[in-house]
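Residues per chain are reported as follows:
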Amino acid sequence: MHNTLISALGNHSDILNCSVLINSLIKSNPNTRISVLTYKENESIIETIPHISKVHYLDKNTINQYFENPLFSDAFAINQFTSDLSICLTTTWDTIINFTNDSVSSLLLSSLQSKEVIGTSIAHNGAPNSSNRWASYLNYVNGNQPIHFIDNNFVRHHMCNTPIFQSGDFIKVDENYSAVAFKNFQKIRQTKNNGLIVGISLLNDDSGHSLDQDSLKDIIDILETSESYRVVLLLNGKEEEKNTVNSLNKQFNNSLISINTDFTTFSAVAVHLDCLISTSNIHARIADLVGTKLIQISNAINTVYQNANNHFILSDNHMNWSNDALFLINQEFNSSLPVGSMNTDLCTYSLIEDEVSIIRTQTRGPINIQQELRYHVGRCYHMAMMGYPINSELLNHIRTVTSPDDIEQFINESKDELTNTVRVLLATIRSLKVASQSKQNLLSFISHLDSLILKGQLQTLTAAAVALFEADLEKINSSNSDENMKFIEKRLFDLKNDLQIFTNILGELANGKSESLSSTEKNSY
Amino acid sequence: MIESQFTFETKISRNGLTVPVINNIHLHSIYNPIKEAEAFADNIIQTLQNRNNILVLGLGYGYHIEQIAQRLAQFHDNYHIVILEPNTTLVDSFNLKRPFEDKNIQIVNSLDVDAVFSDINFVQFLRKKPAIVKHDTSYTLNKTFFTKFLKFQAPNNFDIYFNLLNKNAQNIFNTYNNLDQNFENMINQISMKNTITNADFLLLALGEIKKLNPNLTQGN
């Protein structure tokens, strides 16, 4: 057996996200024995994930209770911590994976005995140590950028060198609960000529935001008065959720159906829903894992879902999204529910599958064309930088469907970003050459290098290339300065090559062919 | 109060119950200890209704404890009473003559406050945030002990609490056992080391877990 430990020291959502990777690892190598290290507070969720042989719990709350109370010695916190980790510490693992890419996991995994560490750990000299370029991408690019051009699920699979298996068991579905839910849902369907059931999750999202009440009332009104839809309100037993159900029921003559389930049984309910409307919460993730259509009302643009055909409506608090959700329901189920207005201020995105993974595309609402170009061209660039061929078909398509003015604006802005980075890169290369000749110039080189690394923290399309360069620099562990200078020089030219890819993409976007980095710089000057 | 300096005797109340007398102070009513205990428990009924874990400062001869237990049983399916009593002679006499039958009641007998807070079972009970109830006569008799108990703060330095670590933790962190530093300073020192050991990684990870607690600020 191949003993693998996955460190998933995150929240409930992180735990559910790791089920896709676990499924892929098992399918790639059925001899894999998966153990998971997670926080005790995730116990109910982790039990719903199949293929896990053993879970090691770190009781964060108890540890912090000991730390927090001046009556208790810190010794008790240390004892709890080492007891929780005792098996992990005494086992020699074949592979350990830093799934959540958090600081606790990075440090812990560095102290465990393993033949292979996947992800970012910390070297004995204190520097972050990424196992491969995808691990660097997860840590230095997605870990720092608000918009993910390549989603974490895709990145993590590449990091583990494992193909993504879209089929399989991602979450346990309790057969008994499922049978009861099926029977009850059949009865509910019969009230609307074998109609469709739309679940609405009343759970807050991971940041505590709830669904807008006016939107809820409006959509329930339309669905419940329709001939073919019934609404089922889904809650997890919190007082706030119960109050919402009571308040809605008052407005609908106590006719609404609500189901109160815990997380462990929700999959048995979700599997029988035709569609789920939800914030970005555990219900949404579970629905995605069981393949139920999802309309997520979200205030963030990143998605972690694995199923194409899911949708999300970008809505800040208190913006009415009911028309947009009804529009999607009509589209998905070929119905003609009344949609108040075809115009909307909200952006709807749908997840679609391209040749390699799931991408989002805007399907409704005011389009910010420059933002959309940044996402699609940026994604094309990041994929190419990570070893995939440049998606010329996509670039041709963009050129065909986008006005030349918009493309020109995008290219000009991108070239400005590129030029800013290339200028600092070339100055760094020049200063390195001077520093190689005389150590007196070392400070000037370091100053240029610092300026270059700072470019990796900006929200530009070239930032990822610089961030990956920074990740490479962290690998320096030689005390020989000449060796180190040579290593840095090589990496600077690798960065130049990565930036050349972006130049090529912009060239292809402009006129169907690539141009060289030096011409980009010359033109920009 | 030092045990060798006190006098201990028992008397029989008017209604035939044993009443301990320490330094000529009766720990319960010499007329009717039960009635007194009922009044004592009724006086804190709100607390007993709201909390199922009670820490009682002072054993006396247990009459007040039994009344507390009876009321807790009415309000809660599960309850737990821990009695802190420094007087060993009193505890021995009590255990000999009328030990508690209720398994939810436990006596912690120690004169050493540090030792009390070193007992993991007692600490785990305190984590449940019990209500604290004073048996006034016992409290007055042992004021120094109970005041020290109520004002206790655990020592912060690693070298002092090293002996409280379990065997596994002592093995892992034995290189730090003489370190006269609190946890935060240890973490800061480790962060500045050129070579980080596996034990260092563990402490740094623990430091990160501590940072994740929104109730704790750096340096607490």
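Residues numbered from 1 in each chain as written. Chains lettered and ligands numbered in written order. Predicted model: local features only at pLDDT ≥ 70, side-chain atom pairs only at ≥ 80, totals over all residues. Heavy atoms only, no water.

1. Side note on the interface of chain B and chain A
At step 1: In this assembly, 38 residues from chain B lie in contact with 37 residues from chain A.
At step 2: Around 3,400 Å² of area is buried between chain B and chain A when both sides are counted, 67% of it from carbon and sulfur atoms.
At step 3: Counting the surface chain B buries against chain A, the share from its top three residues, Arg 127, Phe 201 and Ile 209 of chain B, is 20%.
At step 4: Inspection of the region where chain B meets chain A yields zero salt bridges.
At step 5: Put simply, chain B and chain A have nine residue pairs in polar contact (both at pLDDT 80 or more) between them.
At step 6: At the level of secondary structure, the elements contributing two or more residues to the side of chain B that touches chain A comprise helix H5 (113–118), helix H6 (120–127), helix H9 (158–161), helix H10 (167–172) and helix H12 (198–211) of chain B.
At step 7: Counting residues per element, the side of chain B that touches chain A draws most heavily on H12 of chain B, at nine residues.
At step 8: Per-class residue counts for the side of chain B that touches chain A are 23 nonpolar, 11 polar and four charged. (Contact = heavy atoms within 4.5 Å. Buried area = accessible area lost by both parts, 1.4 Å probe. Salt bridge = Lys/Arg side-chain N within 4 Å of Asp/Glu carboxyl O. Polar contact = N/O pair within 3.5 Å; in protein donor to acceptor, adjacent residues only side chain to side chain. Helix = DSSP H or I, 4+ residues; strand = E, 2+ residues; numbered from the N terminus. Nonpolar A, V, L, I, M, F, W, Y, C, P; charged D, E, K, R; others polar.)

2. Thoughts on the packing of aromatic side chains
At step 1: Summed over the entire model, instances satisfying the criterion amount to 22 aromatic pairs over all chains.
At step 2: Between Tyr 66 of chain A and Phe 72 of chain A, the ring centres sit 5.8 Å apart and the planes meet at 75°, which makes this aromatic pair edge-to-face. With respect to class, Tyr 66 of chain A is no different from Phe 72 of chain A; both count as buried.
At step 3: By the ring-pair criterion, three or more aromatic residues cluster together here, those being Phe 158, Tyr 161, Phe 162, Phe 173 and Tyr 176 of chain B.
At step 4: Between Lys 134 of chain B and the ring centre of Tyr 139 of chain B, over which it is positioned, the NZ or CZ distance is 4.4 Å.
At step 5: The ring of Phe 67 of chain A is capped by Lys 210 of chain B, whose NZ or CZ atom sits 4.9 Å from the centre of that ring. (Phe/Tyr/Trp six-rings, centres within 6.5 Å; stacked < 30°, edge-to-face > 60°. Buried < 20%, exposed > 50% of the residue type's maximum accessible area, 1.4 Å probe, protein only. Lys NZ or Arg CZ within 6 Å of the ring centre and 35° of its normal.)

3. Some points on the confidence of the model for chain B
At step 1: Summing up the model confidence of chain B, the mean pLDDT is 92 and the portion of residues at 70 or higher is 95%.
At step 2: Confidence estimates for the predicted assembly give a pTM of 0.89 and an ipTM of 0.89. (pLDDT = per-residue confidence, 0-100.)

4. Some words on the pattern of salt bridges
Residue and element names in this part refer to chain A.
At step 1: Counted according to the given criterion, the structure contains 19 salt bridges over all chains.
At step 2: The shortest N-O distance in the salt bridge between Glu 43 and Lys 40 comes to 3.2 Å.
At step 3: Accessibility expressed as a relative area gives 29% for Glu 43, which makes it partly exposed.
At step 4: With relative accessibility at 36%, the residue Lys 40 sits in the partly exposed group.
At step 5: In this structure, the salt-bridge partner of Glu 224 is Arg 230, at a minimum N-O distance of 3.0 Å. For the pair formed by Glu 224 and Arg 230, the shared burial category is buried.

5. Re the environment of Leu 179 of chain B
Residue and element names in this part refer to chain B.
At step 1: Tracing the sequence through the fold places Leu 179 in the loop between H10 and helix H11 (183–191).
At step 2: With relative accessibility at 22%, the residue Leu 179 sits in the partly exposed group.
At step 3: Those residues in contact with Leu 179, other than ones at most four positions away along the chain, are Phe 158, Asp 159, Met 186 and Gln 189.

6. Quick look at the packing of helix H16 (residues 404–437) of chain A against helix H19 (residues 481–511) of chain A
Residue and element names in this part refer to chain A.
At step 1: Two elements in contact, H16 and H19, have axes separated by 10 Å at closest approach and are oriented at 160°. It follows that H16 is roughly antiparallel to H19 by the angle criterion. Here H16 and H19 pass one another in a crossing that is left-handed.
At step 2: Residues of the contact of H16 with H19, tallied by class, amount to 20 nonpolar, five polar and four charged. (Axes fitted to C-alpha atoms, helices over the stretch in contact; angles between N-to-C directions. Parallel < 35°, antiparallel > 145°, perpendicular 65-115°, else oblique. Left-handed = near helix turned anticlockwise from the far one by under 90°.)

7. As for the environment of Glu 474 of chain A
At step 1: By secondary structure assignment, the location of Glu 474 of chain A is in the loop between helix H18 (463–473) and H19.
At step 2: Linking Glu 474 of chain A and Ala 127 of chain A, residues 347 residues apart in sequence, is a C-alpha distance of 5.9 Å.

8. Some remarks on unusual backbone geometry
Backbone phi values are negative for most residues with the exception of glycine, while trans is the configuration of most peptide bonds.
At step 1: With a phi angle near 55°, Asn 161 of chain A is a residue other than glycine that sits in the positive phi range.
At step 2: Along the polypeptide, Asn 161 of chain A turns up in the loop between helix H7 (152–159) and helix H8 (175–190).
At step 3: By relative accessible area, which is 72% here, Asn 161 of chain A ends up exposed.
At step 4: A positive phi angle, near 50°, is found at Asn 23 of chain B, a position not held by glycine.
At step 5: Summarising the element assignment, Asn 23 of chain B is placed in the loop between strand S2 (18–22) and strand S3 (25–26).

9. Overview of the sheet that holds strand S6 (residues 105–109) of chain B
Residue and element names in this part refer to chain B.
At step 1: Read across the open sheet, the four strands follow the order S6-S5-S4-S7; overall the sheet is parallel. Here the strands that pair on one side only, and so sit at the sheet edges, are S6 and strand S7 (131–134). Neighbour to neighbour, the strand axes of the sheet diverge by 25° on average, direction disregarded.
At step 2: In this sheet, strand S5 (residues 80–85) lies alongside strand S4 (residues 53–57) in parallel orientation, the contact comprising five bridges. Its bridge partner being in S5, Asn 53 is matched across the sheet by His 80.
At step 3: Sheet strands touched by helix H3 (residues 63–75): S4, S5, S6 and S7. Its angle to S5, the strand with the most contacts, is close to 165°. (Pairing = 2+ DSSP bridges.)

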